[in-house]
Amino acid sequence: MPSRRSAAKRFAARAAAFVVTGALAGAVLPPAAQAAPLVAHPTAYVDPMIGTANGGNTYPGAVRPYGMIAWSPTSTTGDQTSTGAANGYEYGVTRMRGLSLTHVNGAGCNPGAAGDVPIMPFVGDVTSSPSADSKDLVYASGFSHDNERAVPGRYTVGLDSGASADLAVSERAGVADFAFPAGKPANLLFRVSNSLNGSEDAEIRIDAAHRKVTGSVLTGAFCGRRANGGTNNRKSYYRLYFSASFDRDFASTGTWRDSALAPGATVGSGGEGYATGADRAGRGSGGWVGFDTTADDDVRMRIGISYVSQAGAEANLRGEIAPRASVDDVAREASAAWDRELGSVRIGGGSDDRRTAFYTALYHSLMQPNLISDSDGRYPGMDGQPHRVTRGQQAQYSNFSGWDQYRAQIQLLALLKPRIAGDFAQSLYNFARQNGGVWDRWVHVNGATHVMTGDPTAATLATFYAMGVRNFDYEGAFESLARQATVPHPDGLSDAGCPGQCTGQRPNLAQYLDSHYAAQDVCHCWGGAAETLEDAVADDALGRWARMLGRGDEAASFEERGRWWRNVFNPGATDGAGTTGYIQARNLDGSWVTPFGPGSDKGFAQGTSATYTWMVPQDVQGLAEAMGGREAAAERLDRFFHKTDGTWSVKGGDPLRYDPTNEPGIHAPWLYNALGQPWKTQETVREILDTVYGTGPRGLPGNDDLGTMSAWYVFSALGLYPQTPGSATLLLGTPLFPSAVLDRPQGRDIRISASQADATHTYIDAIKVDGRATDRSWADARLVTHGGSLTYRLADKPNTSWATGPADLPK
């Protein structure tokens, strides 16, 4: 057994180690030489605290790339059935009730998802049921950010109670050192039922003879308490199992259920339900193990998890955490894993803050998808049965925030990690086959949650294929998605879960195919106008995919459907100030839904007509024509990003203008490229990068949405952006860094050189692609699929003649 030190000394040593390590790894070269070398250890520039305030809903805890386990705090504002943020942690809330084993990055529903099995180091005797402590007055503790450290793969916190926790993880397991004040009662509480959204059932077993605690929680209910359809998701769809082993004997044990305490007991069970507040307060179960701190104040715990079985959790633990592994050992391996993953993009030059914002955004982008298969390949299917990964598939992944991710995050995944992207595509196809051929738009673990709108999986898999991903059954997946888009399903006539979680994945498809738009009054969807635009994007992507597969008839049909957005563009709709032509919902009889205003969200999902009117990335030239031509469209776009006095309006809060906090309009700054005014893309993107994103807890504009907003930053900082789903075309903007190398696992790397890149050189003066000058503000699929080089000459003033010719505009 390793030597012991007092809790205070151990925490001080760990904190010092974090500071020294970070200082050495983050050391910068003198300014004259700073731009030349590429970053060798990107983890030195990752700050997991970015996005933990301002509604970013990130979490600071320990996680590996695509990890199953994500060990992070569950905070409390005085209500055990809720937290300060969607994912259990809000920087401004400095009181916690446990360290939970699972999290989802940046989800918007509050409470969000997971947060399973909070484990709390408690200083004191357990004299009442922790579940009965409904306001977290007793079995919780405050902490200071001065006593908190977070780096990729490791999280450490010192609590006001005198206890501390030091956590590090592998992919499916973790190790922790818990330290307690010497001579005081020391207990670890396992709140097995207290997932963020509650639980249907939970269980705990304490094996004192073998120093083990095992158990599980049956839960789910993502977005289950949200008002817009939330009751539809108050259901269970997964059980998480855990197995924890300790390096020392227990001095005491006990369990609880609801308000009943059972000191000395070793078995307990009971769920909380999925209500909130008084309807759930005081319910739940758990157990505790106590330790004698007279001569030894430190406890080491190893823990494994599984979505399949108790045996799976124990096998994952045995396979990933050695019996005598220390937190330092596991953290070192985690840091190396993140360096390898983040090293897929090596940047050179730029300020410390720029590098921190960039590599933290890349870190958040590559947290997902998340493993749900055990080390032996077994995973829980969407049919509730255990399955094994298909031949050639390395792992089963989940947590697909489709409506968000298809716009930026999945393109970044395909570009940098095509093997992961292919396994993810196969995973989604596996789920669909287990779900009667239905592809759910928001998949959490093995649950179909139906959250949001549209058919984002079609857009996602078409994009994967276009970007060169081939390690999935793309023929079978295409046929299944094409069938979902052409054959009506009974769920499409259901209003269950509407508006926010409508069960039908192609709502009222028969009507849509007949009318060529989703009618607001009979669509069984969140909003008819939004549904039409989303389906048009998805269908266009399917058409592009079909053409690449040589399926010409299907390609022509879906490409035509990709233009159905025109059926909800009302040329007579007006803002009352002279601008006409907006996307507007319409009824089955063809009439337009009134009253109308461009700031209204009637017919839309989490956005207004002013924003959704630009959501036609697949047909920008057609949209411009409908608006009166490219010049007129560009003038309208100017007003979308600026107030009437000409000042910028890119931070959100104005229903008539750009909103960086939500997805429907995040591509809009890049539309100027297709309108023949690319210098406006360059200055608009730079304004957003400079004023909306940044470092510190408030460094994200809003919900990270499983890496989507972070992926937007990564692409934009590199001077690249995906043009439209189903395509590998990248729009070109101004890089933030003098150099960058994107590692392509198959083929040549992508090398970006912009030696003048700095705070003042915002504009592109010229570009060479593979050494040849180009007048195009876009790069075709060959850059993604075969690699190549982009060499920029930048300027501090716009070049209004470069990439403006009609023949050179993005197609």
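In the block above lies the structure referred to throughout.
Enquirer: So what's going on with helix H8 (residues 456-466)? Which residues, and what values?
Expert: Burial of H8 is extensive: 11 of the 11 residues sit out of reach of the surface. Residue Gly-468 follows H8 closely and has a positive phi angle near 100°.

Enquirer: Which residues make up the pairing of strand S16 (residues 285-291), and what values do they have?
Expert: Burial analysis of S16 places seven of its seven residues in the buried class, which makes it a mostly covered element. Burial along S16 is two-sided: the residues Ser-285, Gly-287, Val-289 and Phe-291 and Gly-286, Trp-288 and Gly-290 are all buried. In this structure, strand S9 (residues 186-190) lies alongside S16, joined through five bridges in antiparallel fashion. Looking across to S16, one finds that Phe-190 is bridged to Gly-287. Examined bridge by bridge, strand S13 (residues 252-257) and S16 share six bridges and lie antiparallel to one another. Paired with Ser-252 across the strands is Gly-290, a residue of S16.

Enquirer: Summarise the state of the cysteines; cite the residues concerned and give the values.
Expert: Following the criterion strictly, the structure yields three disulfides and no others. Through a disulfide, Cys-109 is tied to Cys-223; the S-S separation comes to 1.4 Å. Note on the Cys-109 and Cys-223 pair: the S-S dihedral is about 50°, so by sign convention the disulfide is right-handed. Of this pair, Cys-109 sits in the loop between strand S3 (95-100) and strand S4 (119-123) while Cys-223 is found in the loop between strand S11 (212-220) and strand S12 (236-246), placing the two residues 114 residues apart along the sequence. A relative accessible area of 5% means that Cys-109 is categorised as buried. On the accessibility criterion, Cys-223 (2% relative accessible area) is buried.

Enquirer: How would you explain the environment of Pro-488 if you had to name every residue and give the values?
Expert: Mapped onto the secondary structure, Pro-488 falls in the loop between helix H9 (474-486) and helix H10 (509-515). For the pair Pro-488 and Arg-191, spaced 297 residues apart in sequence, the C-alpha separation works out to 44 Å.

Enquirer: How would you sum up the packing of aromatic side chains? Please name residues and give values.
Expert: What the rule picks out here adds up to 32 aromatic pairs. Centre to centre, the rings of Phe-358 and Tyr-359 are 5.2 Å apart; their planes meet at 85°, and the pair counts as edge-to-face. Comparing Phe-358 with Tyr-359 shows no difference in burial state: the two are buried. When the ring of Tyr-693 is compared with that of Trp-712, the centres are 5.6 Å apart and the planes differ by 5°; the resulting orientation is stacked.

Enquirer: Could you give an account of empty space enclosed by the protein, naming the residues involved and the relevant values?
Expert: Space left empty within the atom packing is revealed by a probe, the size of a water molecule, rolled over the atoms. Under the defined criterion, the tally for this structure stands at 10 cavities of 30 Å³ or more. The wall of the largest cavity is formed by 14 residues, among which Tyr-406, Arg-407, Pro-617, His-667 and Pro-725 lie closest to the centre. When the residues that make up the lining of the largest cavity are grouped by side-chain class, the tally is eight nonpolar, four polar and two charged. Volume-wise, the second largest cavity comes out at about 90 Å³. In terms of residue class, the lining of the second largest cavity is made up of nine nonpolar, six polar and no charged.

Enquirer: For the packing of H9 against helix H11 (residues 528-548), give the residues involved together with the corresponding values.
Expert: Packing of H9 against H11 leaves a shortest axis separation of 11 Å and a crossing angle of 145°. With respect to the hand of their crossing, H9 and H11 are arranged in left-handed fashion. Counting all contacts with H9, which are made through Tyr-474, Ala-477, Phe-478, Leu-481 and Ala-485, the residues of H11 involved are Asp-539, Leu-542, Trp-545 and Ala-546. Among the residues forming the contact of H9 with H11, the class breakdown is eight nonpolar, no polar and one charged.

Enquirer: So what about the packing of H8 against H11? Which residues, and what values?
Expert: Packed helices, taken two at a time, are described by their axes: the angle between them and the distance between them. Remark: H8 packs on H11, axes separated minimally by 8 Å, with the N-to-C direction vectors making an angle of 35°. Handedness of the H8/H11 crossing: left-handed. Residue-level inspection shows Ala-458, Ala-459, Leu-461, Ala-462, Tyr-465 and Ala-466 of H8 in contact with H11, the latter providing Ala-538, Ala-541, Leu-542, Trp-545 and Met-548. For the contact of H8 with H11, the residue count by class is 11 nonpolar, no polar and no charged.

Enquirer: Tell me about the sheet that holds strand S31 (residues 750-753), and name the residues and values.
Expert: Spatially, the six strands line up as an open sheet ordered S18-S30-S31-S35-S32-S33, and their pairing is mixed. With one partner strand each, in any of the chains shown, strand S18 (345-348) and strand S33 (772-774) form the two edges of the open sheet. Strand after strand, the sheet turns through a mean of 20° between neighbouring axes, direction not considered. Pairing analysis gives six bridges linking strand S32 (residues 763-769) to strand S35 (residues 788-795), with the strands arranged antiparallel. From the neighbouring strand, Lys-768 faces S35, where its bridge partner is Thr-791.

Enquirer: So what's going on with the pairing of strand S17 (residues 298-306)? Which residues, and what values?
Expert: Where burial is concerned, most of S17 is hidden: nine out of the nine residues are buried. Taking every second residue as pointing to the same face, both faces of S17 are buried, with Asp-298, Arg-300, Arg-302, Gly-304 and Ser-306 on one and Val-299, Met-301, Ile-303 and Ile-305 on the other. Here seven bridges tie strand S8 (residues 173-179) to S17, and the two strands are oriented antiparallel to one another. Among the inter-strand pairings, Gly-174 is bridged to a residue of S17, identified as Ile-303. Strand direction decides the pairing type here: S12 and S17, joined by six bridges, are antiparallel. For Phe-242, the partnering residue across the bridge sits in S17 and is Ile-305.

Quick notes on the rules
- Residues numbered from 1 in each chain as written.
- Predicted model: local features only at pLDDT ≥ 70, side-chain atom pairs only at ≥ 80, totals over all residues.
- Heavy atoms only, no water.
- Buried < 20%, exposed > 50% of the residue type's maximum accessible area, 1.4 Å probe, protein only.
- Helix = DSSP H or I, 4+ residues; strand = E, 2+ residues; numbered from the N terminus.
- Pairing = 2+ DSSP bridges.
- Disulfide = S-S within 2.5 Å.
- Phe/Tyr/Trp six-rings, centres within 6.5 Å; stacked < 30°, edge-to-face > 60°.
- 1 Å grid on protein atoms, 1.4 Å probe; cavity = no way out; pocket = protein on both sides within 12 Å on 5 of 7 lines; lining within 4 Å.
- Points joined across faces, edges and corners; volume = space filled by probe spheres on them.
- Nonpolar A, V, L, I, M, F, W, Y, C, P; charged D, E, K, R; others polar.
- Axes fitted to C-alpha atoms, helices over the stretch in contact; angles between N-to-C directions.
- Left-handed = near helix turned anticlockwise from the far one by under 90°.
- Contact = heavy atoms within 4.5 Å.

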